[in-house]
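# Topology and contacts: notes
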Amino acid sequence: MDESKKVLNLSETAKLMRVSAKTLRELARSKRVPCQKVGREWRFLLPSLERWLAGQMDTSRLAESAEAYGQASLFQPEATTDDKTAAPGFGDTAFTKNRREPLHRWVPWIAGFSAAFVEEVLSKAVSGDPADATVLDPFAGVGTTLVEGLKHGYNVVGFEINPYAALACEVKLTCVGCRLKPLTEAINKLEDLRRNPWLKQAQPRSKPPGNFKSKRPFFSPAVEREVLLLQDFISEQTHSFVKNVLKVALGSVMVSFSNYSYEPSLSTRSAAGKNDIEHADVIGGFCDKLWEIAADIGFIQRHMKRFEHTPTAAIHRRSYLDSSSLLPPCSVDALVTSPPYLNNYHYVRNTRPQLHWLDLINGNSELRKLEEDSFGRFWQTVRSAPPVGLDLDLPELQQVLECIRKQNPEKGTYGGSGWANYAATYFNDCDRFFRVTRRVMKPGAWVVVVIGNNIVQGVHVETDRFLAQIGELHGFSVQGMHRVRRKRTGSSIVNSSVRAGFTRRQTELHETAVEFRAPE
Ligand SMILES: C[S@@+](CC[C@H](N)C(=O)[O-])C[C@H]1O[C@@H](n2cnc3c(N)ncnc32)[C@H](O)[C@@H]1O
């Protein structure tokens, strides 16, 4: 099929379906027909439409996949009761707008911030010829900063310790220079396979990953068979870029047809009051994701033609805190990032399905290493260790940690002592972050860090304010602290002076963009 005939506009689709443009627009708005909005226009993929018209794709799956692709759960932060508007000058830091943006919509990721926010920061923070500027994201996630940097012609470099997120970044950064044809050929082959009656009885050669254990069967038998057939298809690919795209796509959709869901941590569907999934159009959902990715690759390739230079782009699949040999001193013009928050969101555990099923991890010892090297580690990793001390001189923070340590002693390491270890490790890593960052930033360069405040064992921890103070200890000057998102309120102990006793107060939880300038 001629590739250009695959993507239809509204009037072409209305003609094909023999309905008025008005009716089709309504169907599109309410997501009752497979479609995407590109800018202000609706676009329809012919193969998806054909499947839908033939009754092979039902609208509930569309609604379900819309949910899985971001509207509710996948990797997203908890739904907040009273998200308010962002501070002036800063757009939407949350991922919400990314759900419709080319490339950013491939894989929703917790605390991913919006492309619009990054764009706004970069336009303020970097001046001069983009070809000479380097933008860094030390905790790249699925690459919001890196993709936005690249779209503006900057050289970009990132670090991401999670192999699945790093793979998504890698595909986004390398797709600019890759041929699209081998990918569309692979998708067409898969579409043919899906229509082949043989598929109903086909027995997969691939086996489920040996090291992956789950409380409930992760997939139902019927779903698992289709996933394994997809694994066969992926392993047959000889083109490494195509193989990587297929892995990113499968990782993005696999939880949506499993018996688990992101709430935002990975938990069973039944725990979330949802039914298990016995049957699903696995290959159909996967193909839809692939067509979306292919369309976006076409977009970015056209977009990048506007630059005379070819920006450099690199993602390092390792810890930023041990990155000294990888970045030259004084080489970075702007850093925009969002590190893990002090909320113990377990990126490693929450991506176990992707890491195991996509063969991105070699056994449980590698998983443990990933936990050890993660920023702040995790409460589970450090709670039973001997008391962790603070490596930096910040008496107020020291007091807060002592206050946490005293909470709930009857709970052992599940009480204050375990959580104080986690918080101390977290702030020690903030210190390491500034040590590395000070070396790599150009004098006076901007560093923007989005971070939330927290309540740990009932104690309010002003993580954003302490981060600002730790930056100052390393010679960074704080230029501003913008409250970018208010979330909800929680009850917390505010009095850190233990002798004065505890007072409880309603504390607002929020996210702050802390703006620094590197030492001159
Ligand atoms: C809040 S998320 C970043 C999301 C990102 N802003 C986006 O839009 O996708 C933090 C990321 O830091 C990564 N991370 C944790 N420890 C790290 C380390 N030591 N070095 C590099 N990345 C790390 C986590 O895997 C996670 O993806």
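Computed from a predicted model, the values in this text were never measured in an experiment. (Residues numbered from 1 in each chain as written. Predicted model: local features only at pLDDT ≥ 70, side-chain atom pairs only at ≥ 80, totals over all residues. Heavy atoms only, no water.)

### Things to note about the overall build of the protein chain
- Tallying secondary structure elements over the protein chain gives 18 helices and 14 strands in all.
- The burial tally for the protein chain puts 57% of its 520 residues in the buried class.
- Sequence separation of 24 or more characterises 75% of the internal contacts of the protein chain that already satisfy a separation of 6 or more.
- With the model as given, the accessible surface of the protein chain reaches about 22700 Å², and the carbon-plus-sulfur share is 49%. (Helix = DSSP H or I, 4+ residues; strand = E, 2+ residues; numbered from the N terminus. Buried < 20%, exposed > 50% of the residue type's maximum accessible area, 1.4 Å probe, protein only. Contact = heavy atoms within 4.5 Å. Areas by Shrake-Rupley, 256 points an atom, 1.4 Å probe, with all protein chains shown as cover.)

### Things to note about the nonpolar core
- Among the nonpolar cores identified, the biggest contains 145 residues, and F117, L136, F286, Y320, I404, F427 and F433 are the most heavily contacted of them.
- Among the elements that make up this core, the one with the highest residue count is helix α17 (residues 416-440) (twelve residues).
- Setting aside its immediate chain neighbours within four residues, L136 contacts T145, V157, F159, Y320, L327, V332, A334, L335, V336 and V440. (Core = buried A, V, L, I, M, F, W, Y, C linked by side-chain atoms within 4.5 Å.)

### Details of the sheet that holds strand β3 (residues 41-45)
- Spatially, β1-β3-β2 is the arrangement adopted by the three strands of the open sheet, whose pairing is antiparallel. Two strands lie at the open edges of the sheet, namely β1 (7-8) and β2 (36-38), each paired on one side alone.
- Of the strand pairs in this sheet, β1 and β3 are connected by two bridges, and their pairing is antiparallel. The partner of L8 across the bridge, within β3, is F44.
- Strands in contact with helix α3 (residues 46-53) are β1 and β3; relative to β3, the strand with the most contacts, it is inclined by about 70°. (Pairing = 2+ DSSP bridges. Axes fitted to C-alpha atoms, helices over the stretch in contact; angles between N-to-C directions.)

### Some details on the environment of V126
- Within the element layout of this structure, V126 appears in the loop between α5 (115-125) and β4 (134-137).
- For V126, a relative accessible area of 9% puts it in the buried group.
- Taking the C-alpha atoms as reference points, V126 and Y154, separated by 28 residues in sequence, lie 9.3 Å from one another.
- When neighbours within four sequence positions are excluded, V126 is seen to be in contact with A133, V135, Y154, D333 and A334.

### Here's the deal with the pattern of salt bridges
- Counted according to the given criterion, the structure contains 21 salt bridges.
- In this structure, E396 engages R465 in a salt bridge whose closest nitrogen and oxygen atoms are separated by 2.7 Å. In this pair, E396 sits in helix α16 (residues 395-405) while R465 sits in helix α18 (residues 463-473), placing the two residues 69 residues apart along the sequence.
- On the accessibility criterion, E396 (35% relative accessible area) is partly exposed.
- Using a relative accessible area of 25% as the deciding quantity, one classes R465 as partly exposed. (Salt bridge = Lys/Arg side-chain N within 4 Å of Asp/Glu carboxyl O.)

### Section: the site of the ligand
- W109, T144, E160, S319 and F375 are the nearest of the 26 residues found near the ligand.
- Take Y320: an N or O atom from its main chain is 3.0 Å from a nitrogen atom of the ligand.
- F375 places a main-chain nitrogen or oxygen 2.9 Å from a nitrogen atom of the ligand.
- Compared with its free state, where it exposes 600 Å², the ligand has 99% of that area covered by protein. (Near = heavy atom within 4 Å. Polar contact = N/O pair within 3.5 Å; in protein donor to acceptor, adjacent residues only side chain to side chain.)

### Comments concerning helix α7 (residues 163-174)
- Over its twelve residues, α7 runs 16 Å from end to end, which matches the ideal 16 Å to within 8%, given 1.5 Å per residue.
- Among all positions of α7, only P163, Y164, A165, A166, L167, A168, C169, V171, K172 and L173 are buried.
- Turning to α7, the residues buried within the fold contact α6 (144-151), β5 (155-159), α10 (240-253), β8 (313-316), α13 (352-357) and α14 (363-373).
- Measuring from the backbone nitrogen of Y164 back to the side-chain oxygen at the start of α7 gives 2.9 Å, which picks out N162 as the cap. (Expected span 1.5 Å × (residues − 1).)

### Digging into the packing of aromatic side chains
- Tallying each qualifying case throughout the model produces 22 aromatic pairs.
- An aromatic cluster is built from F139, F159, Y320, F375, Y426, F427, F433, F434, F466, F476 and F516, whose rings are joined through pairwise contacts.
- Just above the ring of W379 sits the side chain of R383; from NZ or CZ to the centre is 4.4 Å.
- Directly above the aromatic system of F466 lies the positively charged group of R465, at a separation of 5.4 Å from the ring centroid. (Phe/Tyr/Trp six-rings, centres within 6.5 Å; stacked < 30°, edge-to-face > 60°. Lys NZ or Arg CZ within 6 Å of the ring centre and 35° of its normal.)

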